[in-house]
Structures are given as C-alpha cells and as structure tokens.
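Residue-level listing of the chains:
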Amino acid sequence: MSFLLKSTPERAQVWKPLFNKALPELEFHVWPETGNPEEVRFLAAWEPPPDLLKRFPNLEVIFSVGAGVDQFDMSAIPEHVTIIRMIEPGLTDGMVDYVLWATLTLHRDGLTYIAQQKKHVWKARPNLVAVQRRVGIMGLGKLGAPVAQALAINGFTCSGWSRSRHSMPNVTCYAGAEELGAFLATTDILVCLLPLTDATRGILNTSLFEKLPWGAQLINAARGAHLVVPDLLEMLESGQISAAILDVTDPEPLPTDSPLWDDPRIFITPHIASSSQTETAGRVLLDTVKRYLAGERNFPSRVDRSKGY
Ligand code: NDP
Ligand code: OXD
C-alpha cells in the first residue's frame, strides 16, 4: 500500500520523513516516481496526473494540498474515490492576515494615497473609524468564519453570507439567495471567500455590484472566475465600486496586457493570500491518513460532490 505526493520539493522533503516515521508500513512516493501503481491508495496533489484511475486503479483517496478543489476534474474521479481538501491552521491564519491587510488598506483609502503619491499630491481624505465601516464576507466556511471573527474583533461592523444558516458572535449572518440582497445592501467592503462551483462562478457581476451601497469596495481572495472583469471595470468607471483588491484572476498568471494591471483603483496580488504551510499541513495530512486507515470516513474536510465543495 502506498501514498503518492505530487507537490513541491519543499513539501516532499518534510512530509516523506514524517510519514515514513509514523507509518512505516505505508510506502511514500514522490511524483514522478510512483512505485507499483497498483499499490497507490492515497494521492496528494494540487493537480492530479492525467488518466488517474487508469494509472492508479486502486486509488481510494485524493487529497487537495490546498483548500480549493475546483482545479480537480470531478468527472474524471469515480464516486468511490474520497476527495479531501486541506483545512489546516496555517492556511487559515494566512487568509486572516491577508483579508485584515486588504480591509485596512481599503478602509484607510490606501489605493487613493498610492495614486496620489505617484502624482506628488498631498491631499487628506476624511477618516472613518472601523465601526463605521461595514464589511461583508461571502462564504462563512473554514476561512470565511475566522476572517469574519478577526474583522469583528478589530472593530469592523461585520456580516457574512453563506448557503446554510450560520450564527457567530458579533457577525450578522445571512443565508441563501433570498437574503443576498439584504446582505449586500449593508456592505461597504465586500470580501469573496466562496468556493468556485457552478453556483458561484461569475457571481461578482453587475447585478450583484448594483446591490451594494454607492462607492463600495471589493476584495476577491477566492477564485478569479468568481469575478466578471468587464462588469468590475464598468462599475469602477461609474463610481458604483470605488476600489478593488484582487488576489486571484482568471487566467493566472494575469496576462500582461490585462486592463486590471494599470487601473489605479485596483491592487493586484499574485494569488498569495494564503497557502498550506508545510509543517502544519503535513501533520494534518498524516493525521487524516491515520484516521482513514483506522476506518474513519466522515472528515469535515471531505468534499461533498453534490455541492461541489
Ligand atoms: P469552505 O468550503 O469551508 O466554505 C465555503 C463557504 O461558502 C461556506 O460558508 C458555504 O456555505 C459558502 N457557499 C458555498 N456555496 C455557496 C453558495 N452557492 N451560496 C452561498 N454561500 C455558499 O471553504 P474555505 O473557507 O476553506 O475556502 C473558500 C475558498 O477560498 C476556497 O474554495 C478557495 O477557492 C479559496 N482560497 C483562496 C486562497 C488564496 O490564496 N487566494 C487560499 C485558500 C483558499 P455553507 O457554510 O452553508 O456550506
Ligand atoms: C487554495 C489556494 O485553495 O491556495 O488552497 O488557493
């Protein structure tokens, strides 16, 4: 029985000895070396190799080394194969840091001051304090919920929107399509932390932007395909949206001729909001494999194929 890792050399260097020590009976291979393909029961990858089941006919579990699974072609993964994504504290902490930074940047007019500095303009804008700024998080999952909590602790007036009803201290929670309008109407800074599914692709579009208060700002730290770029550009021109921080684009890397690069109201970061941290993610992966081998199947990180996340 074996475990196959297709990821970075840094992760392989740490995870292989970790697994070898804790589970010596499980062979650990690092792609492109696979050992006997018929022995591969577990695969951890960002993008699995092609012809997965032809290559590894006895595969039981695919782990995403990241939080998202939209990069997997689900139709090529048979139902009997369990899909597990990464939920680990390092990934969560990184996202909390990123969204706090992005929210504070927008809250304190950071993009305006960068643009002014380029033109040597000294011009103060009136300040709001955090409680006067309403931040709305789309997606209250493993990342969105701690982000909402952190924003609330930092004094922002915080709300969240998810598919099912959530409840958490100091965050007004909205649920489902019927409450989306009410959520948007009270959101000055909109943060997208939704998974990319058929239901959420292109959700950041004109119709949604028009439901936000005038001059609202956007942070997309989820996936580029959530955003309809021409709609954002149009909303920036009209003033309905005043600024955006985008960590993700479609495609990635963002083509050098994209209009997003040169717009002073847009701040681009190259998909660095957060990532699985080698040490903490390795321990989570090992723990999950141990529990799987002991017969456990209901992991919170198990992907529900009917929902797509
Ligand atoms: P989770 O699956 O834990 O949470 C997803 C949240 O979105 C849940 O609250 C879910 O609702 C909600 N949701 C899903 N579909 C809908 C819908 N149709 N309408 C309303 N709400 C919906 O995901 P994570 O928090 O772990 O991660 C979120 C995403 O962040 C990842 O899928 C990935 O794309 C992105 N990401 C980006 C990174 C970056 O560096 N930029 C790093 C890591 C992740 P409910 O709670 O009811 O199920
Ligand atoms: C992830 C990511 O999904 O890094 O983990 O985007």
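Treat the numbers as computed from the prediction; the structure is a model and nothing was measured.

The rules we used
- Residues numbered from 1 in each chain as written.
- Chains lettered and ligands numbered in written order.
- Predicted model: local features only at pLDDT ≥ 70, side-chain atom pairs only at ≥ 80, totals over all residues.
- Heavy atoms only, no water.
- Buried < 20%, exposed > 50% of the residue type's maximum accessible area, 1.4 Å probe, protein only.
- Helix = DSSP H or I, 4+ residues; strand = E, 2+ residues; numbered from the N terminus.
- Pairing = 2+ DSSP bridges.
- Salt bridge = Lys/Arg side-chain N within 4 Å of Asp/Glu carboxyl O.
- Axes fitted to C-alpha atoms, helices over the stretch in contact; angles between N-to-C directions.
- Left-handed = near helix turned anticlockwise from the far one by under 90°.
- Contact = heavy atoms within 4.5 Å.
- Nonpolar A, V, L, I, M, F, W, Y, C, P; charged D, E, K, R; others polar.
- Near = heavy atom within 4 Å.
- Polar contact = N/O pair within 3.5 Å; in protein donor to acceptor, adjacent residues only side chain to side chain.
- Areas by Shrake-Rupley, 256 points an atom, 1.4 Å probe, with all protein chains shown as cover.

I tried to follow the pairing of strand β9 (residues 189-192) on my own but got confused; where do I start?
Side-chain positions along a regular strand alternate between the two faces of the sheet. Side-chain alternation along β9 places I189 and V191 on one buried face and L190 and C192 on a second face that is also buried. Inspection of the sheet shows strand β6 (residues 134-138) paired to β9 by four bridges, in the parallel sense. Counterpart to G136 in the pairing with β9 is L190. By the bridge criterion, four bridges tie β9 to strand β10 (residues 216-220) in an arrangement that is parallel.

I keep staring at the pattern of salt bridges and nothing clicks. Help me out?
Pairing between side chains becomes possible if they bear opposite charge and their charged atoms approach one another. The full count for this structure, using the stated rule, is ten salt bridges. Of the charged contacts, one joins R125 and D109 as a salt bridge, the two residues approaching to 3.4 Å between their closest N and O atoms. Here the residue R125 occupies a position in the loop between α4 (110-118) and β6, and D109 occupies one in the loop between α3 (89-107) and α4, the gap between them amounting to 16 residues. D109 sits in the buried class, given a relative accessible area of 12%. Between E179 and R165 there is a salt bridge, and its shortest N-O distance comes to 2.6 Å. In this pair, E179 sits in the loop between β8 (171-175) and α6 (180-185) while R165 sits in the loop between β7 (157-162) and β8, placing the two residues 14 residues apart along the sequence.

What should I look at first to understand the packing of helix α1 (residues 9-22) against helix α9 (residues 278-293) in this one?
Helix-helix packing is described using two parameters, namely the angle between the two axes and the distance between the axes. Orientation of α1 relative to α9, taken along the N-to-C sense of each, is 40 degrees, at an axis distance of 10 Å. The two elements α1 and α9 meet at a crossing, and its hand is right-handed. Each of E10, R11, V14, W15, L18, F19 and A22 in α1 lies in contact with α9, whose residues at this interface are T278, E279, A281, G282, R283, L285, L286, V289 and K290. Of the residues belonging to the contact of α1 with α9, the class tally is nine nonpolar, two polar and five charged.

Can you walk me through the site of ligand 1 in this structure?
The full set close to ligand 1 counts 29 residues, and R85, K142, S164, H166 and Y309 are the nearest of them. Within the side chain of Y309, an N or O atom sits 2.6 Å from an oxygen atom of ligand 1. Against a free-state accessible area of 940 Å², the protein chains account for coverage of 92% of ligand 1. Tallied by class, the residues present in the shell around ligand 1 amount to 14 nonpolar, ten polar and five charged.

What's the story with unusual backbone geometry in this structure? I'm lost.
Note: most peptide bonds trans; most residues except glycine with negative phi. Note that the residue after D250, namely P251, is joined by a cis bond; omega there is 5 degrees. The omega angle of the peptide bond from E252 to P253 is -5 degrees, so this bond is cis rather than trans. By secondary structure assignment, the location of P253 is in the loop between β11 (241-246) and β12 (266-268). The residue D51 is not glycine, and still its phi comes out positive at about 50 degrees. We classify D51 as exposed; its relative accessible area is 51%. The phi angle at D109 is positive, at roughly 60 degrees, despite the residue not being glycine.

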